[in-house]
Amino acid sequence: MANYIHSLPPSLVLAAKVAVAFPLVFHTFNGCRHLLWDTTHALTNQAVIQTGYAVLVLTALGTAGLVML
């Protein structure tokens, strides 16, 4: 299996890693955001926007980190 993966083009391996890592990281951080809302914190419009941007930034960083593994 490892020999097969190493025989694939690096761009395809990178795309596969991103395709797996991005949804995993996004749903993890967005789930934490929803848990925060369940405690009735960060429910103002401004806070919802800020936490949305925070989820996107954390998703990009987390995805990059997992892809580098």
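The structure under discussion appears in the preceding block.
Cut-offs used in this document
- Residues numbered from 1 in each chain as written.
- Predicted model: local features only at pLDDT ≥ 70, side-chain atom pairs only at ≥ 80, totals over all residues.
- Heavy atoms only, no water.
- Helix = DSSP H or I, 4+ residues; strand = E, 2+ residues; numbered from the N terminus.
- Rg over C-alpha atoms; globule rule 2.2 N^0.38 Å.
- Contact = heavy atoms within 4.5 Å.
- Areas by Shrake-Rupley, 256 points an atom, 1.4 Å probe, with all protein chains shown as cover.
- Expected span 1.5 Å × (residues − 1).
- Buried < 20%, exposed > 50% of the residue type's maximum accessible area, 1.4 Å probe, protein only.
- Axes fitted to C-alpha atoms, helices over the stretch in contact; angles between N-to-C directions.
- Left-handed = near helix turned anticlockwise from the far one by under 90°.
- Nonpolar A, V, L, I, M, F, W, Y, C, P; charged D, E, K, R; others polar.
- Phe/Tyr/Trp six-rings, centres within 6.5 Å; stacked < 30°, edge-to-face > 60°.

## Some points on the overall build of the chain
So, step 1. A count of helices and strands for the chain gives three helices and zero strands.
So, step 2. Taken from the N to the C terminus, the helices and strands of the chain come in the order α-α-α.
So, step 3. For 69 residues, the compact-globule estimate of 2.2 N^0.38 gives 11 Å, and the chain exceeds it by more than 25% at 16 Å.
So, step 4. Summarising its shape, the C-alpha atoms of the chain cover approximately 50 × 15 × 15 Å along the three principal directions.
So, step 5. Considering only contacts within the chain whose residues lie at least 6 apart along the sequence, 66% involve residues at least 24 apart.
So, step 6. For the chain, the exposed surface amounts to about 5,200 Å²; the carbon and sulfur share of it is 75%.

## Observations concerning helix α3 (residues 45-67)
So, step 1. For α3, with 23 residues, the first-to-last C-alpha span of 33 Å sits near the 33 Å given by 1.5 Å per residue.
So, step 2. All buried positions along α3 are accounted for by A47, T51, G52, V55, T59, T63 and V67.
So, step 3. Those residues of α3 that are buried lie in contact with α2 (10-38).

## A few points about the packing of α2 against α3
So, step 1. At a minimum axis distance of 8 Å, the contact between α2 and α3 shows a crossing angle of 145 degrees. Read as a crossing pair, α2 and α3 show a hand that is right-handed.
So, step 2. Looking at the contact of α2 with α3 residue by residue, the class counts come to 16 nonpolar, six polar and two charged.

## Notes on the packing of aromatic side chains
In this description, a pair of aromatic rings is defined by centroid distance and the angle of the planes.
So, step 1. Within the structure shown, the criterion is met by one aromatic pair.
So, step 2. The interplanar angle of 15 degrees and the centroid separation of 6.1 Å between the aromatic rings of F22 and F26 together place this pair among those described as stacked. Placement of both F22 and F26 in helix α2 is noted, with a separation of four residues, approximately one turn of the helix.
So, step 3. Look at F22 and you get partly exposed, because its relative accessible area is 41%.

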